[in-house]
Amino acid sequence: SPDGHGTSLTSVKTANMGTSAGFIVLFAALWSGVSSYEYQTIGMSTKVDHSLNLQDAGYISYTSANEQYDNNQDFRVYFEAPAGKRILIVFKDINIESSQNCRYDQLDIYDGTIYSSTAEPERTVCGSSQPDFVSTGNVITIRFKSDNSVQGNFRLLYTVFHYPSYGSSCSAAECMCTNGRCI
């Protein structure tokens with residue numbers, strides 16, 4: 001079906017990625033013209049401690065429709081890329097209540113898996129713009145917290161990549177970017 005932008009949706013998949021206490025639905029669309037990439041839009045659930053596997057590239061937002069987040073939220077989601085890969089996060093659309101030290105609403109990004117509420121994030125995000133974030137390994141944790149007033153939304157673009165070993169290049173199924181990353 002045409003999406004109004006000159007591309008056709010060739011497949012849509014949904015998957016139950018949660019625990020018995022709840023689930024997160026992943027929407028992944030493969031667009032014609034890009035034969036080897038699956039684009040996921042991941043709506044983060046209010047259920048704590050979900051773990052999701054990331055593929056190639058896609059979006060992460062509060063809901064899969066990029067709707068406003070709810071008040072009084074506090075949850076985390078773990079994102080894991082294949083072994084040997086890293087995760088690039090680009091802050092595409094971000095409107096999280098801005099305050100000094102992000103004390104009202106915030107999105108925390110941890111490099112790796114965190115289980116403790118006292119762990120320090122690599123990045124705490126609020127407001128409307130942020131520089132890109134690159135993980136050092138294949139796992140990141142995103143924790144989202146909101147207070148009881150102002151609502152907003154966020155949409156993060158993620159890309160799973162790796163750097164080829166010295167003297168080698170990307171595999172035949174990958175593309176090499178000008179920055180030396182294989183995607």
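Everything that follows concerns the structure shown earlier in this document.
In this text the structure is predicted, and so the values were computed from the model without any measurement.

Draft legend 1. Local environment of unusual backbone geometry. Phi at Asp-56 is positive, roughly 45°, even though this residue is not glycine. Position of Asp-56 relative to the elements: it lies in the loop between strand S4 (50-53) and strand S5 (57-61). At Asn-101, a residue that is not glycine, the phi angle is positive and equals roughly 60°. Here Asn-101 lies in the loop between strand S7 (86-95) and strand S8 (106-111).

Draft legend 2. Quick peek at the packing of aromatic side chains. Per the stated rule, a full pass over the model turns up 7 aromatic pairs. An angle of 75° between the planes, with centres 6.4 Å apart, marks the rings of Tyr-62 and Tyr-69 as edge-to-face. With centroids separated by 6.1 Å and ring planes inclined at 55°, the aromatic side chains of Tyr-62 and Phe-144 adopt a geometry described as tilted. You can see Tyr-62 sitting in the loop between S5 and strand S6 (74-80) and its partner Phe-144 sitting in strand S11 (residues 139-145), a full 82 residues away along the chain.

Draft legend 3. Representation of the state of the cysteines in the model. On inspection of all chains with the given rule, the structure shows 2 disulfides. Linked covalently through their sulfurs, Cys-170 and Cys-182 form a disulfide whose S-S length is 1.9 Å. In this structure the cystine formed by Cys-170 and Cys-182 twists about its S-S bond by roughly -90°; its chirality is therefore left-handed. Note that Cys-170 is positioned in the segment after strand S12 (153-161) and Cys-182 in the segment after S12, a separation of 12 residues in sequence. The pair Cys-170 / Cys-182 is uniform in exposure class, with both members buried. Within the chain, bonded cysteines paired by disulfides and numbered along the sequence follow the pattern 1-2, 3-4. The thiol of Cys-175 is unpaired, and the distance to the nearest cysteine sulfur, on Cys-177, comes to 7.4 Å. By relative accessible area, which is 41% here, Cys-175 ends up partly exposed. The exposure class assigned to Cys-177 is partly exposed, which follows from its relative accessible area of 27%.

Draft legend 4. Region of the structure containing the pairing of S8. Counted residue by residue, S8 has 5 buried out of 6 residues, so it is predominantly covered. Summarising the sheet, S8 and strand S9 (residues 123-125) pair through 3 bridges and their orientation is antiparallel. Across the sheet, residue Asp-108 finds its bridge partner in S9, namely Thr-124.

Draft legend 5. Focus on the pairing of S12. Summarising burial for S12: 7 of the 9 residues are buried, a large majority. Alignment of S5 against S12, held across 5 bridges, turns out to be antiparallel. By the bridge assignment for S12, Ser-61 is matched with Arg-155. In the sheet, S7 pairs with S12 via 9 bridges, with the strands oriented antiparallel. The residue of S12 that forms the bridge with Leu-88 is Thr-159.

Cut-offs and rules
- Residues numbered from 1 in each chain as written.
- Predicted model: local features only at pLDDT ≥ 70, side-chain atom pairs only at ≥ 80, totals over all residues.
- Heavy atoms only, no water.
- Helix = DSSP H or I, 4+ residues; strand = E, 2+ residues; numbered from the N terminus.
- Phe/Tyr/Trp six-rings, centres within 6.5 Å; stacked < 30°, edge-to-face > 60°.
- Disulfide = S-S within 2.5 Å.
- Buried < 20%, exposed > 50% of the residue type's maximum accessible area, 1.4 Å probe, protein only.
- Pairing = 2+ DSSP bridges.

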